[in-house]
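# Chain and residue survey
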Protein chains: 2
Amino acid sequence: MEQINRVVGDEEKERDVGVEMKRKVRYTDLFIRLIALILSLAAAIILGLDKQTKVVPITLVSTLPPIKVLATAKYHYLSAFTYFVVANAIACSYGAVSLVLTLANKGSKNGGLAKAIIMLDLIMVAVLASAIGAAAAVGHIGHQGNKHVRWNKVCNVFGRFCNQVIVAVGVSLLGLLLFIFLVMLAVLNVHKKH
Amino acid sequence: MEQINRVVGDEEKERDVGVEMKRKVRYTDLFIRLIALILSLAAAIILGLDKQTKVVPITLVSTLPPIKVLATAKYHYLSAFTYFVVANAIACSYGAVSLVLTLANKGSKNGGLAKAIIMLDLIMVAVLASAIGAAAAVGHIGHQGNKHVRWNKVCNVFGRFCNQVIVAVGVSLLGLLLFIFLVMLAVLNVHKKH
């Protein structure tokens, strides 16, 4: 009888540890999701509001003095930056929706929903990574220029604009790492739970 | 006694279905991994061997006739394309290694290895997606040009080179989708197995 009690006690303890573990994982998931959401929002806003206007001298005829023209740099002048802002806005909106769903889902009662969230987290990883790649590639050309295709650098003129692009890409990269972490956490948690 | 036999029989049948299911998932994983590996290799080769030489007329002084110059387009003239080739080469090499490890791992005896492979598949998704984003963004500017930053299109001159870039990006995108599918399969399989 005593032995049976001990076994039952052990089982209960194990179950308690399991529940405690599950709760911890759930809180970690919610916290990471919130930060990822905020970082994506910040990246979208930082590049979305990025604008710089400057007086640029343009030489039309080499024998005449250059004409001064007002030129503006905005994110939507380059498709890659537009894609970056849209992708981060999507990641942020999805982050908010998935946060609410995870909160409402309380534990793993609804396996289908939990699985769907992992899948969508994974899609977000791909979307964010491609957006970061696109923005970084165009930003790199803007910074260094490319003599082979004769694309001149523009960051020597629009320095502040370029710096803001770098910050946005960095912030979005942190968001991407958190989304990757969310998928990893889900995979490890699923492995452990059973 | 008969009832016990029936229960044992049902359990055995269930176990058989489980083993059969596991084998099917494993073969699907191996097959998808092989195709993903081949697609990444193809993408790296298609862009890596992409080269076009053309005679380009260049106007130095507007009053003189343009000078004809031999110009070559190669992937490593643009950092984004170099990154694309390297990323696909990495994905292909990883695909080969993970294929061997999955073959050697026979089933899920070594949970740690299986988990590590899912994590690395996930990293490959992020790396491939960023490389595709970078190559597509630069290819888009090469195709359309951008008047805001005065980067002229180059695909009107190097048409064949650009078409080969599009094919490489498309092939790599298929590879990326398969890597995403591999992670999804692992997550769903893990959920089902237990």
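Because the structure is predicted, anything quoted here is derived from the model rather than measured. (Residues numbered from 1 in each chain as written. Chains lettered and ligands numbered in written order. Predicted model: local features only at pLDDT ≥ 70, side-chain atom pairs only at ≥ 80, totals over all residues. Heavy atoms only, no water.)

On to the UniProt feature "transmembrane region" (unreviewed entry) in chain A, then. Per the UniProt record, "transmembrane region" (unreviewed entry) is annotated on residues 30-49, 80-104, 116-141 and 166-188 of chain A. Here residues 116-141 of chain A runs as 100% helix and 0% strand, with 38 Å between its end C-alpha atoms. (UniProt positions renumbered as here; feature names shortened; annotations may be inferred. Helix = DSSP H or I, 4+ residues; strand = E, 2+ residues; numbered from the N terminus.)

For the structure shown, the criterion picks out 1 cavity of 30 Å³ or more. Quantified by volume, the largest cavity comes out at close to 30 Å³. The wall of the largest cavity is formed by Val183(A), Met184(A), Val187(A), Ile118(B), Met119(B), Leu122(B) and Val183(B). Residue assignment for the lining of the largest cavity shows that the elements contributing at least two residues are helix H4 (159-193) of chain A together with helix H3 (111-144) of chain B. (1 Å grid on protein atoms, 1.4 Å probe; cavity = no way out; pocket = protein on both sides within 12 Å on 5 of 7 lines; lining within 4 Å. Points joined across faces, edges and corners; volume = space filled by probe spheres on them.)

Moving on, we come to the interface of chain A and chain B. By a widely used convention, the size of an interface equals the accessible area lost when the partners come together. Tallying the contact residues gives 36 residues for chain A and 36 residues for chain B. For the pair chain A and chain B, the summed buried area comes to about 3,500 Å², and 81% of that belongs to carbon and sulfur atoms. Where chain A packs against chain B, one counts 0 salt bridges. Counting the contacts that link chain A with chain B gives 6 residue pairs in polar contact (both at pLDDT 80 or more). (Contact = heavy atoms within 4.5 Å. Buried area = accessible area lost by both parts, 1.4 Å probe. Salt bridge = Lys/Arg side-chain N within 4 Å of Asp/Glu carboxyl O. Polar contact = N/O pair within 3.5 Å; in protein donor to acceptor, adjacent residues only side chain to side chain.)

Attention now moves to the relation of the copies chain A and chain B. Least-squares fitting of chain A to chain B yields an RMSD of 0.0 Å, with the superposition described by an axial translation of 0.0 Å and a rotation of 180°. When the rotation and shift are considered jointly, the pair of chain copies conforms to a two-fold rotation axis. Here 100% of the contact residues of chain A are again contact residues in chain B; the copies associate through an equivalent surface. (Least-squares fit on C-alpha atoms with pLDDT ≥ 70 in both.)

The next point concerns the state of the cysteines. Residue and element names in this part refer to chain A. Under the counting rule described, the total for this entry stands at 2 disulfides over all chains. The partner cysteine of cysteine 155 in its disulfide is cysteine 162, sulfur to sulfur 1.9 Å. The disulfide joining cysteine 155 to cysteine 162 has a torsion of about -80° about its S-S bond and is therefore left-handed. Relative accessible area serves as the criterion here: at 10%, cysteine 162 is assigned to the buried category. (Disulfide = S-S within 2.5 Å. Buried < 20%, exposed > 50% of the residue type's maximum accessible area, 1.4 Å probe, protein only.)

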